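# Descriptive analysis of the structure
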Amino acid sequence: MTHFTKLTMLAGLATAGIFAVPAHAQDMTTDDKPFSGLYIGAAGGYDVQPNDVGSSILFDRNGDGNFSDSVNTITGANAFSPGFCNGSARTAVPAYGCRNDDDGWSYYGRAGFDVQSGPFVVGLVGEFGKAEITDSVAAFSTTPASYTMARKLKWEGSVRARAGLAARNTLFYATGGAGYAKIDNLFFTTNTANAFAATGSNKRWGYVGGGGIEQKLTKNISIGMEYTYHQYKDDDARVLVTAGTALAGSPVLLANNPFVLAPNTSGTTFRRSDENFRWHSLRGTVAFRF
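The following refers to the structure shown.

How each quantity is defined
Residues numbered from 1 in each chain as written. Predicted model: local features only at pLDDT ≥ 70, side-chain atom pairs only at ≥ 80, totals over all residues. Heavy atoms only, no water. Helix = DSSP H or I, 4+ residues; strand = E, 2+ residues; numbered from the N terminus. Buried < 20%, exposed > 50% of the residue type's maximum accessible area, 1.4 Å probe, protein only. Contact = heavy atoms within 4.5 Å. Areas by Shrake-Rupley, 256 points an atom, 1.4 Å probe, with all protein chains shown as cover. Salt bridge = Lys/Arg side-chain N within 4 Å of Asp/Glu carboxyl O. Pairing = 2+ DSSP bridges. Axes fitted to C-alpha atoms, helices over the stretch in contact; angles between N-to-C directions. Disulfide = S-S within 2.5 Å. Core = buried A, V, L, I, M, F, W, Y, C linked by side-chain atoms within 4.5 Å.

### Here we look at the overall build of the protein
A count of helical and extended segments in the protein gives 4 helices and 16 strands. Among the 290 residues that make up the protein, the fraction classed as buried is 43%. Put simply, of all contacts in the protein between residues at least 6 apart along the chain, 77% involve residues at least 24 apart. For the protein, the computed accessible surface area is about 13500 Å², with 62% contributed by carbon and sulfur atoms.

Here is the structure:
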């Protein structure tokens, strides 16, 4: 079962649950503004990432900031001719493939404020939480060796506007706003000869947008379902590959190492071709309104 199939099934179950609310819940209050006021709540669900087929690792061989260079052996052959994959390498060779990106569950707390005028509802909602997702890309060299660059979401906060229409005790709404996330940049390799130094900021601004449905169960309690799309520009992760201590004592290996071939002996810098960390989220919500 694919992750998007799971997402579709969760959406169907959540929608069925909301519309299966007993009829008396629709009539539980004569309040003409059931969605006005402060509320606190929680949200939880499943997050999936879009397919990033074609992602790769790019190289800067001479330190000029241009990542269009090729890494060649001393004979001029492409040292990365085995290719790339959109996931984390299983072994040093591509024959064993790559693990898929990690999708997973998400957990958030939230608080907000809405104002209702007739059927129209506008407000703000703030959230903070995390999702168990990791986005990876791997390269394979002819050594053979594998090189995996990964980004992992540690936490995320957002402040978003909400605007929608209420049909008695049911609210349909759109939402969107700014997000701020801590993203860990990770690097793994089977190459034990060279030295590797990874750098990159890990707190990024982005945006979150989507929509949902909220159903009042009692005067103070509501449940709902919400879809959101998240995107963060994560473009400054770098890995500098230098000679390393193993090669320093071996002039023959050093002279044939593609990362430090003359005349550019200071090393090679890696970066990902995909500059955005993005994912889809489907979550159930529960709120207590004051």
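Next comes the rest of the write-up.
### Section: the environment of Val 260
As for its placement among the helices and strands, Val 260 is situated in the loop between helix 4 (251-256) and strand 15 (268-272). Val 260 sits in the buried class, given a relative accessible area of 5%. Sequence separation of Val 260 and Asn 194 is 66 residues, and the distance between their C-alpha atoms is 9.6 Å.

### Some remarks on the environment of Tyr 108
By secondary structure assignment, the location of Tyr 108 is in strand 6 (residues 104-117). A C-alpha to C-alpha distance of 4.1 Å links Tyr 108 and Gly 129, two positions 21 residues apart in sequence. Not counting residues up to four positions away in its chain, the partners in contact with Tyr 108 are Ala 42, Ala 43, Glu 127, Phe 128, Gly 129, Lys 130, Leu 153, Glu 156 and Arg 283.

### Some thoughts on the pattern of salt bridges
This model, assessed by the stated rule, comprises 19 salt bridges. Across the pair Asp 135 and Arg 151 runs a salt bridge, and its minimum N-O distance is 2.9 Å. Residue Asp 135 is found in strand 8 (residues 134-141), and its partner Arg 151 is found in strand 9 (residues 145-167); the two are separated by 16 residues along the sequence. Under the relative-accessibility criterion, Asp 135 is labelled buried at 4%. A relative accessible area of 0% places Arg 151 in the buried class. Within the structure, one salt-bridge network assembled from shared partners comprises Arg 110, Glu 127, Arg 160, Glu 226 and Arg 283.

### Quick notes on the sheet that holds strand 15
On the basis of which strands lie adjacent, the open sheet formed by 4 strands has the order 2-15-14-11 and antiparallel pairing. Two strands lie at the open edges of the sheet, namely strand 2 (57-60) and strand 11 (195-199), each paired on one side alone. Between one strand axis and the next, the sheet turns by 25 degrees as a mean value, whatever way the strands run. Across 4 bridges, strand 2 lies against strand 15 in antiparallel orientation. Directly across from Leu 58, in strand 15, lies its bridge partner Arg 271.

### A few points about the state of the cysteines
A full pass over the atoms with the stated rule returns 1 disulfide. Each sulfur in the disulfide pair Cys 85 and Cys 98 lies 1.7 Å from the other. Measuring the twist about the S-S bond at about -70 degrees, one finds the Cys 85-Cys 98 disulfide to be left-handed. Of this pair, Cys 85 sits in strand 3 (residues 83-85) while Cys 98 sits in strand 5 (residues 98-99), and the two are 13 residues apart along the sequence. Each member of the pair, Cys 85 as well as Cys 98, is classed as buried.

### Regarding the nonpolar core
Among the nonpolar cores identified, the biggest contains 17 residues, and Ile 57, Phe 80, Tyr 147, Met 149, Phe 259 and Phe 270 are the most heavily contacted of them. Considering each element in turn, this core owes the most residues, 3 residues, to strand 9. In this structure, Ala 131, Ile 133, Leu 153 and Ala 181 belong to the second largest nonpolar core, which totals 11 residues.

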